[in-house]
Amino acid sequence: MDERTLRLLEFDRIRGEVADLCVSPQGASLVAGQPVETDGDRVAERLAMAAALHRAMETAAGLPSFDFPGVEGALASLAKQGASLDGEELAAVGRSILSSLKLRRYVLKALPMERDAPAGRAASPEERLADIARCIPDLSALSRSIFKTVDHDGQLREKDLPTLAVIRDRIRRQREDTERAARALMDVETARTWWQTNLPAQRDGRLVLPLKAQYRGRVQGIVHELSASGSTVFIEPLSVVEMNNAVVQEEALYRQEVHRILRFLSAEAAARLGDLAAMSDAVAVLDSLLARARWAAAHAGVTAARAADGFRLVLARHPLLGADAVPITMAAGGDDRVLIITGPNTGGKTVSLKTVGLLAALNQFGMEVPAAPGTELPVFDGIWADIGDEQSISQNLSTFSAHVQNLARFAEGAGPRSLVLLDELGAGTDPQEGVALAMALLDHFLTTGALVLCTTHHGILKNYGATRAGAQNASMGFDGESLAPTFRILMGVPGESHALEIARRRRMPEGILRDAEAYLTDERTDVSELVKQLSERHRKLAEQEQEHRTRETDLSEKRRTTDLLQLSLRQKELELRRHGLRELREFVETARREWEALKNSAGVSGAEAARSFSGFADRMRERIEREEERIAAERERLLPDDGLEVRPGMEVLVRSTGRRGRVVRKDRGRRWIIETETVRVALGPGEMRPAPEAEAGSRVSVSFTPSEAGGLPSIQLDVRGMRLEEALRALERQIDSALVHGLREFGIVHGKGEGILQKGIHDYLRDAPTVSEYGFAVPEDGGTGKTRVTLKG
């Protein structure tokens with residue numbers, strides 16, 4: 001999807017609104033990274049689940065409060081061997097577990113689940129959502145372990161940890177002892193004037209005394225720091241050094257115990273890392289869908305039905321305009337691939353383009369759109385928009401150059417499943433050249449099949465929309481009394497800019513307006529002549545298109561006839577092979593019977609020869625049976641099937657001979673036994689058709705046999721060297737045999753010579769009731785020396 005177009009349509013603002021509605025950081029992150037899909041199945045799945053949550057929210061209790069802290073960093077740390085989380089990170093994991101379980105319960109309770117669903121049915125959106133919710137594992141035991149050790153802010157629960165409580169008590173008592181010893185030094189009567197204050201201080205975790213600099217030599221100890229003015233020395237007297245050391249040691253023991261506890265708890269969490277990751281992923285998916293549902297509820301969104309081609313918006317609203325949005329209803333697509341929208345300035349043309357593009361993007365983002373039921377949208381493989389002024393000083397591009405650069409990119413990238421939105425097409429340059437470029441560009445998009453919506457003020461483009469096949473006009477409504485736009489779209493009607501009416505209302509001098517109207521009249525006269533030319537061009541193009549369609553139809557019919565002829569020939573070939581195998585079987589069986597009779601008359605002599613011949617005959621019969629089975633399978637595969645429902649007792653007509661018959665019973669495979677007046681045959685459904693009701697006393701039977709029809713027909717009948725009478729008799733036998741065996745086309749080679757055979761044959765064919773058409777062959781197939789004949793079906 002074109003990112004620049006999405007920015008122009010302000011899609012990122014809507015995506016940001018959806019992300020803000022997420023209750024978890026992972027859900028917001030997923031929404032921010034999800035693309036506008038172009039795969040129809042993914043769009044349908046995401047949209048169906050978001051809509052299902054929207055419906056569930058309307059009947060369920062209010063959305064509970066959640067507490068989802070960020071846990072991505074903590075999970076990444078747990079993936080490292082021997083890692084230890086601090087208290088805040090463990091608390092975040094515990095809070096995330098509790099909120100995940102709360103989200104799971106909410107979704108499963110809110111969704112209406114169908115009981116006893118039939119097996120094999122595709123899962124409903126509600127069932128898919130429930131499956132995702134069930135992917136959140138029950139980690140309540142881990143959360144209990146965490147919150148036994150730390151509170152929700154990550155602080156250790158020392159009262160519930162005896163070892164830490166004992167160490168903390170020792171540290172408290174040792175500090176009290178150290179402070180009493182320090183105060184004792186400060187309270188010595190002779191030393192009271194040595195100290196800046198009478199309160200001990202702390203430096204690097206050790207207790208020190210604030211000694212005046214001039215008394216530095218009076219107290220033995222370790223200097224830790226001098227004040228900024230240099231008047232105070234912070235000294236640790238030697239008498240309290242060991243006591244301070246004791247405090248430091250106890251604090252080190254405390255830290256070691258805290259580390260041990262946190263490491264143990266982290267190891268417990270790391271053991272469930274896979275479940276924690278699955279929980280985080282499931283929460284992200286559910287949260288992203290839930291945020292879409294909440295956004296749809298806030299904007300009265302509906303699910304757009306899937307359109308195969310084009311779109312239809314019913315009372316659609318631009319979601320960023322809030323209460324100021326005026327609903328629009330419009331449609332485009334099908335045979336009309338270009339919609340040209342005209343109308344006054346500030347009439348809503350640009351907003352309409354943005355509404356169409358933004359709602360299409362939202363639909364493919366898996367969101368319901370702010371519109372009314374009946375709205376339909378397809379899945380576009382690209383949305384391309386050129387809206388607004390993109391003059392660039394840094395790239396040395398003027399407004400028009402920037403537009404042309406975008407249009408060139410669209411022309412190259414847009415295809416039959418693309419949506420192209422063009423604002424003020426043809427503007428920014430010389431009007432004549434701009435309009436010419438605009439019409440050529442629209443012609444290109446009509447050729448590629450892209451769906452185009454464009455706005456313009458050019459009158460010639462209005463005429464283009466009225467006369468060009470595949471283009472349609474639309475206009476923004478205008479109230480003539482108030483001289484104000486109504487912001488409503490009128491399909492099929494070009495609009496006026498109403499510049500003069502608006503200028504008159506704004507008190508433009510009347511003389512200037514009269515001159516403008518005079519200029520406008522002359523311009524409209526020129527445009528009328530252009531409309532006539534365009535109409536004539538459109539008429540000629542329509543005639544050429546109709547001629548092209550006729551030729552295509554003729555070629556398709558001829559191709560179909562050729563395919564049927566090839567199928568018939570293949571079937572006849574298989575029939576001949578089967579007939580030959582039957583004769584061979586009869587020969588073998590006859591020879592076997594004769595040999596048996598001869599053997600019986602000859603006694604036991606020649607026994608070895610008899611066994612040899614008997615084995616040969618058996619092998620021949622097995623080979624024939626295998627070939628017959630292969631031919632039967634091939635005939636079964638070649639059987640045509642036109643969907644005829646055959647049942648015993650129904651009257652049918654055999655397609656190849658026209659014979660009337662009755663269905664007796666089902667045969668092997670797809671064949672049925674058909675009984676005619678002279679024979680029973682096995683036919684497939686495609687080899688027969690229902691017989692019309694016969695009137696009483698009007699039934700006439702006409703039948704042919706292969707012997708009467710002169711044997712098998714020829715693809716090409718050669719009558720050269722025959723007298724006319726002989727040639728006509730041969731042609732009569734050929735036609736009869738072709739009708740019996742289903743051959744609909746054949747050739748007659750009569751030569752050129754004096755033309756006697758040619759004329760006599762053509763006279764015969766002209767009067768023959770079974771002949772559909774005839775004519776000379778093409779030059780490369782014999783020309784006037786050969787006639788092609790087509791019989792009636």
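None of the values given here were measured: they were computed from a predicted structure. (Residues numbered from 1 in each chain as written. Predicted model: local features only at pLDDT ≥ 70, side-chain atom pairs only at ≥ 80, totals over all residues. Heavy atoms only, no water.)

### Describing the overall build of the protein
Okay, step 1: Helices and strands together make up the secondary structure of the protein, namely 20 helices and 25 strands.
Okay, step 2: Within the protein, the fraction of its 793 residues that count as buried is 40%.
Okay, step 3: Residue pairs in contact within the protein that sit at least 24 positions apart in sequence constitute 68% of those at least 6 positions apart.
Okay, step 4: Approximately 43,100 Å² of the protein is accessible, and the part contributed by carbon and sulfur atoms is 52%. (Helix = DSSP H or I, 4+ residues; strand = E, 2+ residues; numbered from the N terminus. Buried < 20%, exposed > 50% of the residue type's maximum accessible area, 1.4 Å probe, protein only. Contact = heavy atoms within 4.5 Å. Areas by Shrake-Rupley, 256 points an atom, 1.4 Å probe, with all protein chains shown as cover.)

### With respect to the side chain of S100
Okay, step 1: Summarising the element assignment, S100 is placed in helix α6 (residues 87–110).
Okay, step 2: Judged by relative accessible area, which is 0%, S100 ranks as buried.
Okay, step 3: At 2.7 Å, the side chain of S100 forms a polar contact with the backbone oxygen of S96.
Okay, step 4: Setting aside residues no more than four positions away along its own chain, S100 makes contact with F68, I136, M279 and V283. (Polar contact = N/O pair within 3.5 Å; in protein donor to acceptor, adjacent residues only side chain to side chain.)

### Digging into the packing of aromatic side chains
Okay, step 1: For the coordinates displayed, the defined rule picks out five aromatic pairs.
Okay, step 2: The ring of F365 has R292 sitting right over it, with the charged end atom 4.3 Å from the ring centre. (Phe/Tyr/Trp six-rings, centres within 6.5 Å; stacked < 30°, edge-to-face > 60°. Lys NZ or Arg CZ within 6 Å of the ring centre and 35° of its normal.)

### Observations concerning helix α9 (residues 162–186)
For an α-helix, the turn length of 3.6 residues means that residues three or four places apart are oriented alike.
Okay, step 1: The end-to-end C-alpha separation of α9 is 36 Å, in line with the 36 Å expected for 25 residues at 1.5 Å each.
Okay, step 2: For α9, the full list of buried residues reads L164, I167, I171, T178, A182 and M186.
Okay, step 3: Contacts made by the buried residues of α9 are with β2 (206–212) and α10 (238–270). (Expected span 1.5 Å × (residues − 1).)

### As for the side chain of E37
Okay, step 1: Here E37 is to be found in the loop between α3 (25–33) and α4 (40–59).
Okay, step 2: Relative accessible area serves as the criterion here: at 11%, E37 is assigned to the buried category.
Okay, step 3: Within polar-contact distance, the side chain of E37 engages the side chain of R42 at 3.0 Å.
Okay, step 4: Side chain to side chain, E37 and R46 meet in a polar contact 3.4 Å long.
Okay, step 5: Sequence-distant contacts of E37, defined by excluding residues within four places in its chain, comprise R42, V43, R46 and Q364.

### Considering the sheet that holds strand β1 (residues 201–203)
Okay, step 1: The antiparallel open sheet is built from four strands, whose spatial order is β1-β2-β4-β3. Of all strands in the sheet, those with a lone pairing partner are β1 and β3 (221–226), marking the two edges. With strand direction ignored, the average angle separating the axes of adjacent strands in the sheet is 45 degrees.
Okay, step 2: In this fold α9 packs onto β2 and β4 (232–237), with an angle of close to 10 degrees to the strand it touches most, β2. (Pairing = 2+ DSSP bridges. Axes fitted to C-alpha atoms, helices over the stretch in contact; angles between N-to-C directions.)

### Here we look at the pattern of salt bridges
Okay, step 1: According to the stated counting rule, one finds 32 salt bridges in the structure shown.
Okay, step 2: Its salt-bridge partner being R15, residue D12 comes within 2.9 Å of it at the nearest N-O pair. Of this pair, D12 and R15 both sit in helix α2 (residues 11–20), three residues apart, which is roughly one turn of that helix.
Okay, step 3: Judged by its relative accessible area of 37%, D12 falls in the partly exposed class.
Okay, step 4: Three or more residues joined by partner-sharing salt bridges are found here, namely D169, R172, R173 and E176. (Salt bridge = Lys/Arg side-chain N within 4 Å of Asp/Glu carboxyl O.)

### Details of the confidence of the model for the protein
One rule of thumb: low pLDDT means the predicted coordinates there are not for detailed reading.
Okay, step 1: For the protein, the average pLDDT comes to 79, and 79% of its residues sit at 70 or higher.
Okay, step 2: Across the protein, element-level confidence peaks in strand β10 (residues 369–370) with a mean pLDDT of 93 and bottoms out in helix α18 (residues 607–638) with 64.
Okay, step 3: This stretch, residues 390–398, has a pLDDT under 50; its non-local contacts, to residues over four places away or in other chains, come to 10 contacts.
Okay, step 4: Here residues 695–710 is modelled with pLDDT under 50, and outside its nearest four sequence neighbours on either side it reaches 17 contacts, counting other chains as well. (pLDDT = per-residue confidence, 0-100.)

### Examining the pairing of β4
Okay, step 1: Within β4, six of the six residues are buried, which leaves the element mostly enclosed by the surrounding structure.
Okay, step 2: In this structure, β2 lies alongside β4, joined through four bridges in antiparallel fashion. Residue pairing for β4: P210 is matched across the bridge by F234.
Okay, step 3: In this antiparallel pair of consecutive strands, β3 and β4, the connection spans five residues, and G230 shows a positive phi of 80 degrees.

### Here's the deal with the packing of helix α8 (residues 140–149) against α10
Two packed helices can be described by the angle between their axes and the distance between those axes.
Okay, step 1: For the pair α8 and α10, the least separation of the axes is 10 Å and the interaxial angle reads 170 degrees. Here α8 is positioned roughly antiparallel relative to α10, judged by the angle of their axes. In this structure, α8 contributes L142, S145, I146 and T149 to the contact, and α10 contributes I261, L265, E268 and A269.
Okay, step 2: For the contact of α8 with α10, the class distribution of residues is five nonpolar, two polar and one charged. (Parallel < 35°, antiparallel > 145°, perpendicular 65-115°, else oblique. Nonpolar A, V, L, I, M, F, W, Y, C, P; charged D, E, K, R; others polar.)

### Side note on the environment of R468
Okay, step 1: In this structure, R468 sits in the loop between α15 (459–467) and β15 (471–479).
Okay, step 2: We classify R468 as partly exposed; its relative accessible area is 29%.
Okay, step 3: Spatially, the C-alpha atom of R468 lies 9.5 Å from that of V338, the residues being 130 residues apart in sequence.
Okay, step 4: In this view, R468 contacts D443 and L446; residues no more than four positions away in its chain are not counted.

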